[in-house]
Amino acid sequence: MRPHELLTPTPSGLYCPPADVYIDPVRPVARALITHGHADHARAGHGAVLATRETLGIMAVRYGAAFTQQQQVATWGERVRIGEVGFTFHPAGHVLGSAQIAVDAGGLRIVASGDYKRAADRTCTAFEPVRCDVFITEATFGLPVFRHPDTAGEVAKLLDSLTLFPERCHVIGAYALGKAQRLVALIRDAGYDRPIHVHGAMEKLMGFYEAHGVPLGDIHKVVAAERKTLAGEIVICPPSAVQDLWARQLPDPVTAFASGWMRIRARARQKGVELPLIVSDHADWDDLCATIREVGAPEVWVTHGQEDALVRWCAMNGIRARPLRLAGYGDDGEADGEMPTAAS
């Protein structure tokens, strides 16, 4: 069996013809395998969904219990056979429950990585390299300029700013699934034990993480009557709320944004971000290249991100590679560099 016969890109997403299933389809399909709960990968309306228990739970939180007609739990390392094809879920280290999906048939193995990161993160299971014949990698930060710094230093900048400006509220834009919880965990690990305040849109997912064994400490939902009392406090909200009236009602807010895109300082200034925090849930350039070497695949397919640069790097290192040009991905609040404009 040749790789394109086992998995092929279609307008609906990656399709496996021998099993008649899709991986992270962007349109409703009869049978879907979902890598993780971000909205660009996990959509409601499929007939049946196979995913990790955490991802199924996240989809239920976001879309309601009836997000699919039928659901099946995938367990780490357990091969699920559909027709003549085997599907095995392995940790991706992106967000809680995120998975790579190994697809095997006829002696061929393709690993669809979904989104992944290699940095330490106690809020999700660490990435597990899987040897394969074809590796499908993301390339969100697939340029050499993107080299993420140690997160401890980024959190130290935040806590130093709190000390320097005790009269100002520090409001941080972060995606509601994964980034917000990781940021809270990093702040806690730095020794900060005061309440952390969150936008109402984040409350359910914070509780979901806690219920799944990820301690986050004292989390308070921001209510309108208390906004003006939050001087000197940390507030985390969706990126769209950072420059909104919601944030402007906080006491003299220091505007921060947590994203790998904050490596580009000009972008931070353009968007009115006073305190850029380079904290990413995606692999940076060095980790992308190291992962490709580690999985040992002689062929690499590159998707959603800076595809051409990574394809070029593969060619220079003797690895066959091609861009997939899949449409409909990159809406996790970081993959598309989502930030509010200063005027919005």
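Structure: above.
Read on for an overview of the structure. It should be emphasised that the depicted structure is a prediction, and the values quoted were computed from it without experimental measurement. Think of each chain on its own: its residues are numbered from 1, step by step along the sequence as written. Local features in this predicted model are restricted to residues whose pLDDT is 70 or higher, and side-chain atom pairs enter the listing and the counts only when it is 80 or higher, whereas totals over whole chains, interfaces and linings include all residues. Where side-chain values are given, they derive from all heavy atoms of the structure, hydrogens and water being excluded.

1. Structural notes on the side chain of Thr 68
Working step 1: Numbering goes from the N terminus for both helices and strands, where a helix is a DSSP run of H or I of at least four residues and a strand is a run of E of at least two. In this structure, Thr 68 sits in the loop between α2 (53–63) and β6 (70–74).
Working step 2: Burial classification: accessible surface area is computed with a 1.4 Å probe over protein chains only, and a residue below 20% of its type maximum counts as buried, one above 50% as exposed, and the rest as partly exposed. Residue Thr 68 is classed as buried on the basis of its relative accessible area of 10%.
Working step 3: From its side chain, Thr 68 meets the backbone oxygen of Gly 47 in a polar contact 3.2 Å long.
Working step 4: Whether two residues are in contact is decided by their heavy atoms, any of which lying within 4.5 Å being enough. Apart from residues lying up to four places away in sequence, Thr 68 is in contact with His 46, Gly 47, Ala 48 and Val 49. For the purposes of these results, a polar contact is taken to be a pair of N or O atoms within 3.5 Å, where, inside protein, one atom must be able to donate a hydrogen and its partner to accept one; residues adjacent in sequence count only when each atom of the pair is a side-chain atom.

2. Details of the nonpolar core
Soluble, globular proteins show a tendency: their nonpolar side chains are buried together.
Working step 1: In this text, buried Ala, Val, Leu, Ile, Met, Phe, Trp, Tyr and Cys residues form a nonpolar core when linked through side-chain atoms within 4.5 Å. One finds Ile 172, Ile 187, Tyr 209, Ile 234, Ile 236 and Leu 277 to be the most contacted residues of the largest nonpolar core, which totals 35 residues.
Working step 2: Of all the secondary-structure elements, those providing two or more residues to this core are α3 (151–164), α4 (179–189), β13 (196–198), α5 (203–211), β15 (234–237), β16 (254–258) and β17 (275–277).
Working step 3: Here this core gets 5 residues from one element, more than from any other, and that element is α4.

3. Observations concerning α3
Working step 1: For α3, built from 14 residues, the straight-helix expectation of 20 Å at 1.5 Å per residue is met to within 8% by its first-to-last C-alpha distance of 20 Å.
Working step 2: Here α3 has its buried residues at Thr 151, Glu 154, Val 155, Leu 158, Leu 159, Ser 161 and Leu 162. Relative to the axis of α3, the buried residues are bounded by an arc of 155 degrees and lie together on one face. Facing away from the buried side of α3, by more than 90 degrees, are the exposed residues Asp 160, Thr 163 and Leu 164. By this rule, a helix spans an expected 1.5 Å times one less than how many residues it contains. Arc, as used here, means the arc of the directions from the helix axis to the C-beta atoms.

4. A closer look at the sheet that holds β16
Within a beta sheet, neighbouring strands are joined by backbone hydrogen bonds and run either parallel or antiparallel to one another.
Working step 1: Pairing is parallel in the open sheet, where 6 strands are placed in the order β14-β13-β15-β12-β16-β17. Of all the strands in the sheet, just β14 (219–221) and β17 have a single pairing partner and so form its edges. The mean inter-strand angle of the sheet, taken between neighbouring strand axes irrespective of direction, is 25 degrees.
Working step 2: Note that β16 and β17 share 3 bridges and pair parallel. Looking at β17, one finds that Phe 257 is bridged to Pro 276.
Working step 3: Throughout, an axis means a line fitted to C-alpha atoms (over the contacting stretch in the case of helices), and angles, computed between N-to-C directions, take values from 0 to 180 degrees. Its contacts with the sheet put α4 on β12 (170–173), β13, β14, β15 and β16, and the angle it makes with β15 is roughly 160 degrees. Strand pairing requires that DSSP identify at least two bridges connecting the strands.

5. Topic: the packing of α4 against α5
Working step 1: At a minimum axis separation of 10 Å, α4 and α5 run at an interaxial angle of 60 degrees. Classified by the angle their axes make, α4 and α5 are oblique. Handedness of the α4/α5 crossing: right-handed. The residues of α5 that touch α4, namely those facing Ala 180, Gln 181 and Val 184, are Leu 205, Met 206 and Tyr 209.
Working step 2: Residues belonging to the contact of α4 with α5 are distributed by class as follows: 5 nonpolar, 1 polar and no charged. What sets the label is the angle itself: under 35 degrees gives roughly parallel, over 145 gives roughly antiparallel, 65 to 115 gives roughly perpendicular, and the rest give oblique. Less than a right angle of anticlockwise turn of the near helix away from the far helix marks a crossing as left-handed, whereas a clockwise turn marks it as right-handed. Side-chain classes are defined by residue name, with Ala, Val, Leu, Ile, Met, Phe, Trp, Tyr, Cys and Pro counting as nonpolar, Asp, Glu, Lys and Arg as charged, and the others, Gly among them, as polar.

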